[in-house]
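Descriptive structure summary
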Amino acid sequence: MRKVLTVLSVLALVSLAGFAQMKYVTVMHGWPGEQAPAFQKIVAAFEEENPDITIIVEVVGRDRPALLATRLAQGNPPDLTPHPWIGTMKQWADAGQIVDLTGLVDTSDINPALVPIGEYDGGLYGLFIFPNVKSLVWYNPKEFSANGYNVPTTWAGLQAVSEQIIAGGGVPWSIGLESGAASGWPGTDWIEDIILRTAGADFYDQWVAHEVPWTDQRIKEAFEVFGDLFANNYVLGGATGALTTNFGDAADPLFLDPPAAYMQKQATFINGFITDHFPNLVAGEDYAIFPLPGINADATPDGSIPLLVSGDVVTVFNNRPEVIKFAQFLTSETASNIWSSELGELSAYVDADPAQFSNPITRQAQEMLLNATVSRFDGSDLMPGEVGAGSFWTGILDYVSGIDLDTVLENIEASAQDAY
Amino acid sequence: MEGKTPRASSQSPKRNVWTRGVNALERSAPGCLLLKVSRANARWLRSVRWNSWAFVAPALVLIGFFLVYPTVMTVIRSFFGRGTTLLGPDVEFVGLTNWKYVFTNEVMLTSLRNNALWAVLFTGCTVGFGLILAVMLDRVKYEKIAKSIIFIPAAISMVGASIIWKFIYAYKPAHLGQIGLLNGIVVAFGGEPLGWLIERPWINNLCLIVVGVWIWTGFCMIIFSAAYKNIPKALLEAARIDGATEWRVFRNVILPLLGPTAGVVATTMVVQVLKVFDIVYVMTNGNYSTEVIANRMYKEMFNFNNYGRASAIAVVLLILIVPFMIVNIRRFVSQEGAR
């Protein structure tokens, strides 16, 4: 018995010593679908370079804000998490729950235009890694050329194409607003793009910071532009179709035979969903993008089309050397290249060369990202959770299902007054 | 214990660890000082009363710590403001603001209305269907199979059932194929497909209640069936021989005898329905006027980080449930007393 005990205790000590050598970094991310394997490849690449560090990945779904809130309250948050919620990041920074990365991480690998998005109150709290361009309209080029539709470059041109499609017996737009607990967020992207194009970027900044009330005339007009799509019967299935279609399925009607719709506005990440549902489609030939045209020419100082971007920033909760190392790795060229090549997504890497992307859509979007003179980060992610992930989303759903616009805007305004 | 005449219960000493402990204490030096204060105290310490409390103490401690303490802290927290900590320097006292919000905010009023709708329809349907099914299935040969099939939904998680029904209610525009069962049937009969979960305010709520009834009817049926089988067959035979129709037998013999069971089942169902969350969260997340109190509490707490409001909502839920718990406990106590 004694012998067995000694052997067991020696084994335990040895394995403890072994564990003591191994360092662990816990990561929580919210990409349960097509993006998870790509992230695993990045993790594998890091572990190859650093054999003494093991990354433990937790994949969660749309409930991640709730999970993070409980873990923080318990005092054991994951070591780091990539996320798009800048507004929540600011609240975490105020509460002192995240690490100020100034001086700890070298940001020279990140596109300088994107670095400030992670900065707040003099500190660096988020490292921008995986950008998304949102102002894109996806379409089927084969169907467009077969029917003689021209890719529009102005808003009037867009309306004309929509009328042409209706005259040909089709339906122009496919919109998908459903997203489980997050339903409504694609509609918020529409409103943000429209506000950038009608009222300009300065008004956009004021709106996001709640320096103008939600009942402002310009916000009301932006909502009405979105509502006109439904009023003119431009949307597949009308309001019911938009409200019940999941955002990931909204591109599918474009590729049916015959197509049930011809255009969909969505960010770059929908590329992964399209190839997942239709593996035989070729980027650039079977599906392509054009930027959502401007509405008011004087919304931007140089008349260019404003760009709505979003993306994920890496926020660190626990300051340990191996955690910082992994955070630094996520900004590196290796990580960006894996993400871009696996998913056809954009790169935040400062020297990203659009020509190196094999996917023509990614090339086009990357060029837009590098060349845009006016670009803004997704508004609902910048707002506090009560509005940006709450009343704004439900406001979109209420407006689309027919509730009076003034009532909707007053409700959002009421919650904004509590939240800001 | 044989041969000893039993004394009055409050004074019979029990030979257990407590009394032995008290005896030992009494004999020891410090114990003499403590207990010599009063012989009556020592007698009380050895009495049944003290022994009963001592045995129940561990359970009381656990309940106090895990149930009473959180409840009290929640009530206190509901008078404070937003924040994600229990009480602390960042949390300010706001008095009745959260309570005013709970009873005047439009979304909260909608939730209260919806919970009332759920309480009436869900309880009525589950108890009613459960009762009818229990009585009718008793008379057929395939009783066991039918009961198993009806009970199976109770074994699925509420989330799983909600996802199944979400597909049943799915909508596609009329000219594309329907993938939802309900719209498929509607279209097959020549109708227009409907967005079942977005038609407010009654259709979508009814659709959600149907899911709840589907899950819980089997449970009620099983309980009613057990109670029904306990009714002496002789009573029913006698009623039939006396010339009562089946309906009279049901109304005047079966129903009164199943009354107590119905009471228990109904209160259980009401308590279930007042905290309904999974079904609403998964299917509509409270959008389109389907909001319920529990979902509101979840949102306020985790999405909006407002623990003050969430606490107020939680206390409202508690207050709503208390009357039904009192009824249940009263019945339980009277049943115990009748034995």
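Treat the numbers as computed from the prediction; the structure is a model and nothing was measured. (Residues numbered from 1 in each chain as written. Chains lettered and ligands numbered in written order. Predicted model: local features only at pLDDT ≥ 70, side-chain atom pairs only at ≥ 80, totals over all residues.)

**Here we look at the overall build of chain A**
Applied cut-off: Numbering of helices and strands runs from the N terminus, with a helix taken as a DSSP run of H or I at least four residues long and a strand as a DSSP run of E at least two residues long. In this description the radius of gyration comes from C-alpha coordinates, and the expected globular size is given by 2.2 Å times residues to the power 0.38. Exposed residues have 12 or fewer other C-beta atoms within 10 Å of their own C-beta, buried residues have 20 or more, and partly exposed residues fall in between, where C-beta atoms are placed from the backbone. Think of it this way: build a C-beta for each residue from its backbone, and any pair within 7 Å is a contact.
Looking only at helices and strands, one finds 17 helices and 11 strands in chain A. Relative to the globule expectation of 22 Å for 420 residues, the C-alpha radius of gyration of chain A, 23 Å, shows essentially globular dimensions. Counting only C-alpha atoms and orienting by the principal axes, one finds that chain A spans roughly 90 × 50 × 45 Å. The burial tally for chain A puts 47% of its 420 residues in the buried class. Expressed as a percentage of contacts within chain A between residues at least 6 apart in sequence, the contacts between residues at least 24 apart total 75%.

**A look at the overall build of chain B**
Looking only at helices and strands, one finds 15 helices and zero strands in chain B. Out of the 339 residues in chain B, the part that is buried amounts to 30%. At a minimum sequence separation of 6, the contacts of chain B that also span at least 24 residues come to 64%.

**Here's the deal with the domain arrangement of chain B**
How we decide: In this document the domain limits rely on a domain assignment from an automatic tool or a database.
The domains assigned to chain B are domain 1 (17–77) and domain 2 (103–338). Computed over C-alpha atoms only, the centres of domain 1 of chain B and domain 2 of chain B are separated by 44 Å.

**So, the interface of chain A and chain B**
Put simply, the rule is: Three classes are used, and their members are as follows: Ala, Val, Leu, Ile, Met, Phe, Trp, Tyr, Cys and Pro are nonpolar, Asp, Glu, Lys and Arg are charged, and the others, Gly among them, are polar.
In this complex, chain A contributes 21 residues to the contact, which on the side of chain B involves 15 residues. Contributions of two or more residues to the side of chain A that touches chain B are made by α3 (64–74), α10 (238–244) and α16 (385–400) of chain A. For the side of chain A that touches chain B, the element with the most residues is α16 of chain A, which contributes six residues. In terms of residue class, the side of chain A that touches chain B is built from 10 nonpolar, 10 polar and one charged.

**Details of the nonpolar core**
Defined as follows: Any set of buried Ala, Val, Leu, Ile, Met, Phe, Trp, Tyr and Cys residues joined through C-beta atoms within 7 Å is what this text calls a nonpolar core.
One finds Leu127, Val133, Ile195, Val316, Phe326 and Ala327 of chain A to be the most contacted residues of the largest nonpolar core, which totals 170 residues. It is helix α10 (residues 203–229) of chain B that provides the largest number of residues to this core, a total of 12 residues. Every residue in contact with Leu127 of chain A, bar those within four places of it in the chain, is listed here: Leu101, Val105, Thr107, Ile110, Gly118, Val313, Val314, Ala327, Leu330 and Thr331 of chain A.

**Section: the environment of Gly103 of chain A**
Of note, Gly103 of chain A is situated in the loop between α4 (86–94) and β4 (119–120). On a C-alpha basis, the gap between Gly103 of chain A and Gly123 of chain A in space is 9.8 Å, while along the polypeptide they are 20 residues apart.

**A short note on helix α9 (residues 217–231) of chain A**
All names here are of chain A. What counts here: Helix span, expected: 1.5 Å multiplied by one less than the number of residues in the helix.
Taking 1.5 Å of rise per residue, the 15 residues of α9 would be expected to cover 21 Å, and the 20 Å separating its terminal C-alpha atoms lies within 8% of that figure. Taken as a whole, α9 has its buried residues at Ile219, Ala222 and Phe223. Residues of α9 that are buried make contact with α7 (185–198), α8 (201–208), α16 and α17 (405–419). A positive phi of about 60 degrees marks Asn233, the residue just after α9.

**Comments concerning the sheet that holds strand β7 (residues 136–139) of chain A**
Residues and elements named next belong to chain A. Applied cut-off: The pairing criterion for strands is at least two bridges between them, as found by DSSP. Axis definition: a line fitted to C-alpha atoms, over the contacting stretch in the case of helices. Angles run 0 to 180 degrees between N-to-C directions.
Strand order in the open sheet formed by three strands is β8-β7-β9, and the pairing between neighbours is antiparallel. The sheet is open, and its two edges are formed by β8 (263–265) and β9 (288–291), each paired on a single side. With direction set aside, neighbouring strand axes in the sheet form an average angle of 30 degrees. Both β7 and β9 contribute to a ladder of four bridges, which runs antiparallel. Note that in β9 the partner of Leu136 across the bridge is Pro291.

**Considerations on the packing of helix α2 (residues 36–49) of chain A against helix α13 (residues 333–343) of chain A**
Residue and element names in this part refer to chain A. Note the following rule: When describing relative orientation, an angle under 35 degrees is termed roughly parallel and one over 145 degrees roughly antiparallel, while 65 to 115 degrees is termed roughly perpendicular and anything else oblique. By definition, any crossing whose near helix is turned counterclockwise from its far helix by less than a right angle is left-handed, and any crossing with a clockwise turn is right-handed.
Following both chains from N to C, one finds α2 and α13 inclined at 150 degrees, their axes separated by 9 Å at the closest point. If you check the angle between α2 and α13, you find them roughly antiparallel. Handedness of the α2/α13 crossing: right-handed. Only Thr334, Ala335, Ile338, Trp339, Glu342 and Leu343 of α13 make contact with α2, whose side of the interface consists of Ala38, Lys41, Ile42 and Ala45.

**Things to note about the pairing of β7 of chain A**
In the sheet, β7 of chain A pairs with β8 of chain A via three bridges, with the strands oriented antiparallel. Across the sheet, residue Trp138 of chain A finds its bridge partner in β8 of chain A, namely Gln264 of chain A.

**With respect to unusual backbone geometry**
Residues and elements named next belong to chain A. A cis geometry characterises the amide bond from Asp257 onward to Pro258, with omega recorded as 0 degrees. Structurally, the position occupied by Pro258 is in the loop between α10 and β8. Even without glycine at this site, His210 takes up a positive phi of about 60 degrees. One can find His210 in the loop between α8 and α9.

**Concerning the domain arrangement of chain A**
Residue and element names in this part refer to chain A. Considered domain by domain, chain A is made up of domain 1 (22–132 + 310–370) and domain 2 (136–305 + 383–419). Centre-to-centre, using C-alpha coordinates, domain 1 lies 27 Å away from domain 2. Residue-level contacts link 19 residues of domain 1 with 21 residues of domain 2. Looking at the side of domain 1 that touches domain 2, the elements that each hand over two or more residues are α4 and α14 (360–371). By residue number, the principal contributor to the side of domain 1 that touches domain 2 is α14, which donates five residues. Residues belonging to the side of domain 1 that touches domain 2 are distributed by class as follows: seven nonpolar, eight polar and four charged.

**Re α13 of chain A**
Residues and elements named next belong to chain A. The condition that has to hold: This arc describes the spread of directions from the helix axis toward the C-beta atoms.
Restricting attention to buried positions, one finds in α13 the residues Ala335, Ser336, Trp339, Ser340 and Leu343. Burial along α13 is one-sided: seen end-on, the buried residues are contained in an arc of 125 degrees. Where α13 is buried, its residues touch α2, β6 (127–133), α11 (270–277), α12 (321–330) and α14. Just past α13, the residue Gly344 takes up positive phi, approximately 70 degrees.

**Brief notes about the confidence of the model for chain B**
What counts here: pLDDT measures the predictor's confidence residue by residue and takes values from 0 up to 100.
Put simply, chain B has an average pLDDT of 87, and 90% of its residues get 70 or more. Note on the complex model: pTM 0.82, ipTM 0.81.

**Examining the packing of helix α14 (residues 293–303) of chain B against helix α15 (residues 307–338) of chain B**
Residues and elements named next belong to chain B. Here α14 crosses α15 at 160 degrees, and the two axes come no closer than 8 Å. With respect to their mutual orientation, α14 and α15 come out roughly antiparallel. When you trace α14 past α15, the crossing you get is left-handed. For the pair α14 and α15, the contacting residues are Ile293, Ala294, Arg296, Met297, Glu300 and Met301 in the first and Tyr307, Arg309, Ala310, Ile313, Ala314, Val316 and Leu317 in the second. A class-by-class count of the residues in the contact of α14 with α15 yields 10 nonpolar, no polar and three charged.

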